Amino acid sequence: MFFQKTNKITMNSTNQVKVVLTTQPDNLLDVSDEVFEALNIAINCIVVHLLSSLGVIGNSLNIAVLSQHSMRDTTNLILLCLSVSDLCFSCFMEIYYINKIVFYFDQYLSMTMWSYISVLTVPVQTLLFFTSTSLVMILSVERMVAVCFPFHVSRIVTRFRIKFLIGVFIFGLAGVVSPLYGARTLETVTFNNVTIVSGVSTEFFTNAYISAFYMFLTIYLLVFITSVVIVCTIITLASLTVSSNKIQHLSAEVMLKRAREMRSARTSLCLSSSLIFLVLVPSGLFDIIFASNNSLFRFTTKALMVLNTFKQILYLFHSSFNLVLYVFTSPKFAQTFRRIFQIKDWLKIFEHTKNI
C-alpha cells in the first residue's frame, strides 16, 4: 500500500513473508525491531491467550446462568446470544494466535498454520465481531423501549420478535462477510528449501471487494451502531431521571416493576458504554487513519500490525469481563449464579478446611 520497490524476502515472528524495502517514504510511522518483538511476545503469546481463556470461562458461566428458566425475559435472551457470540469469538482468538507461540518452536509449521488460519477463520471472526456489536445495539434499543414504554413493553418486545430480529442481523451480516472467503487462496511454495503453504490475496479481493467492505465496516461500526447506541443511551438516561422523580407517586407493584427495569437498564448502559469507548470509537478511528493514508498518518507494516492487534485486544477485553459486569449490575443474575454454583456452600467448606 505504501511502497513501490522490493528486493529481498525474509521471515520473522509475524509468520508472514517479510518484505525488505529498498525505498521507503521518510515520514512513515514505525516501531523498532526490538519493540516489535517484545510486543509480539507479550501481547500475542501471553495477553491474548489469557484474555481468551477468561472469555471462554466467563461466557460459559454466563450461558449456564442465562439459560435458566427464571432468566427467560427478552433482555436475558439478548445477553444469552451475546454470550454465545463472545464465547465463539474467544475460542477463535485462541486459534488465531496459537501460531505465534508455535513460531518459536517451528517457524515453517507456524507459517503454514497461519496461512490456513487466516483463510479459514478470519471471515468467521469478522462475523462474530459484527454480531456481538449488533447484539449490544439491539439490547440498547430494547432497554430504551422498556424504560420509555413500561406498560406496553410486553406487547411491543416479545421473545419471538427478538429472535427474528437477531436472526435477520446474523444472516444479513453473514451475507456481507461471506465474500471474505474469496479474499485469499492457499498455494504451496518453497521457502529456504522448505515447502510451506502460503495465503495469497486474490485479484477479486484486491480490486473489487476490499474498498466496499472497509467502507461498510467504517459506516456500520463508527456511524450506525455508535449513533444508535448513543441515542438510545441518552434517551434511557433521560427517561430514568424523569421516572426517579415520579416514582414515589406510583403503587408498590409498579414501583417494584420499575426498579427491575432500571436494574436491567443499568446493565445495558454499562455494556453500551464499554462497547462505545473500548471498541467502536478506537476501531473507527484506527480504520479512518488506515484508510486515509495521507502525509500525516502513514505506517509501516509492523506499525499497522501492532495497531490492529490493539484493536482486537480491546474487544477481547470487552467480551471477557461481561460476567463481572452482570454480577455487579444485575441482582437477579447474581442470585441465580450463586444458586447454581452454590458459592456460599463452597465458602463454608473453604472456611472449615482452613480452620482445620
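Procedures and definitions
- Residues numbered from 1 in each chain as written.
- Predicted model: local features only at pLDDT ≥ 70, side-chain atom pairs only at ≥ 80, totals over all residues.
- Heavy atoms only, no water.
- Helix = DSSP H or I, 4+ residues; strand = E, 2+ residues; numbered from the N terminus.
- Buried < 20%, exposed > 50% of the residue type's maximum accessible area, 1.4 Å probe, protein only.
- Contact = heavy atoms within 4.5 Å.
- Areas by Shrake-Rupley, 256 points an atom, 1.4 Å probe, with all protein chains shown as cover.
- Phe/Tyr/Trp six-rings, centres within 6.5 Å; stacked < 30°, edge-to-face > 60°.
- Lys NZ or Arg CZ within 6 Å of the ring centre and 35° of its normal.
- Pairing = 2+ DSSP bridges.
- Arc of directions from axis to C-beta.
- Polar contact = N/O pair within 3.5 Å; in protein donor to acceptor, adjacent residues only side chain to side chain.

Going by the annotation in an unreviewed UniProt entry, the name recorded for the chain is G-protein coupled receptor 39, with Biomphalaria pfeifferi given as the source organism.

Asks: Hey, could you run me through the overall build of the chain in this one?
Replies: Scanning the chain from terminus to terminus reveals 11 helices and 4 strands. Going through the 356 residues of the chain one by one, you find that 43% of them count as buried. Look at the contacts in the chain between residues 6 or more apart in sequence, and 76% of them connect residues 24 or more apart. Approximately 18700 Å² of the chain is accessible, and the part contributed by carbon and sulfur atoms is 68%.

Asks: Looking at this structure, how should I read unusual backbone geometry?
Replies: Glycine aside, residues mostly have negative phi, and peptide bonds are mostly found in the trans state. Here the phi dihedral of Asn192 falls at roughly 55°; this positive angle occurs in a residue that is not glycine. Here Asn192 shows up in the loop between β3 (184-191) and β4 (194-201). With phi around 65°, Asn193 is a residue other than glycine that occupies positive phi space. Relative to the helices and strands, Asn193 is located in the loop between β3 and β4. Judged by relative accessible area, which is 78%, Asn193 ranks as exposed.

Asks: Before we go on, may I ask you to explain the packing of aromatic side chains in this structure?
Replies: The geometry of two aromatic rings is summed up by the distance between their centres and the angle between their planes. The tally for this structure, following the rule as stated, stands at 5 aromatic pairs. On the basis of an interplanar angle of 85° and a centroid distance of 5.3 Å, the ring pair of Phe103 and Tyr104 is categorised as edge-to-face. Overall, the relative accessible area of 8% leaves Phe103 in the buried class. Relative to Phe321, the ring of Phe317 has its centre 4.8 Å away and its plane inclined at 45°; by these criteria the two rings are tilted. Under the relative-accessibility criterion, Phe317 is labelled partly exposed at 39%. Each member of the aromatic cluster is reached from another via a ring pair, and the members are Tyr96, Tyr97 and Trp114. Above the plane of the ring of Trp114 lies Lys100, whose end atom (NZ or CZ) is 5.2 Å from the centre.

Asks: Any chance you could explain the pairing of β4 here in plain terms?
Replies: Sheet topology note: the β3/β4 ladder contains 8 bridges and is antiparallel. Residue pairing for β4: Thr190 is matched across the bridge by Thr195. Between β3 and β4, which pair antiparallel and follow one another directly, the connecting turn spans 2 residues, one of which, Asn192, has a positive phi of 55°.

Asks: Help me understand helix α9 (residues 322-329) in this model?
Replies: For an α-helix, 3.6 residues make a turn, and residues three or four places apart therefore share a direction. Among all positions of α9, only Asn322, Leu323, Leu325, Tyr326 and Thr329 are buried. Down the axis, α9 shows its buried residues gathered within 160° of arc, on one side only.

Asks: It is not clear to me how the side chain of Thr74 should be interpreted in this structure. Could you clarify?
Replies: Assignment of secondary structure puts Thr74 in helix α2 (residues 74-102). Since its relative accessible area comes to 12%, Thr74 is described here as buried. There is a polar contact of 2.7 Å between the side chain of Thr74 and the side chain of Glu142.

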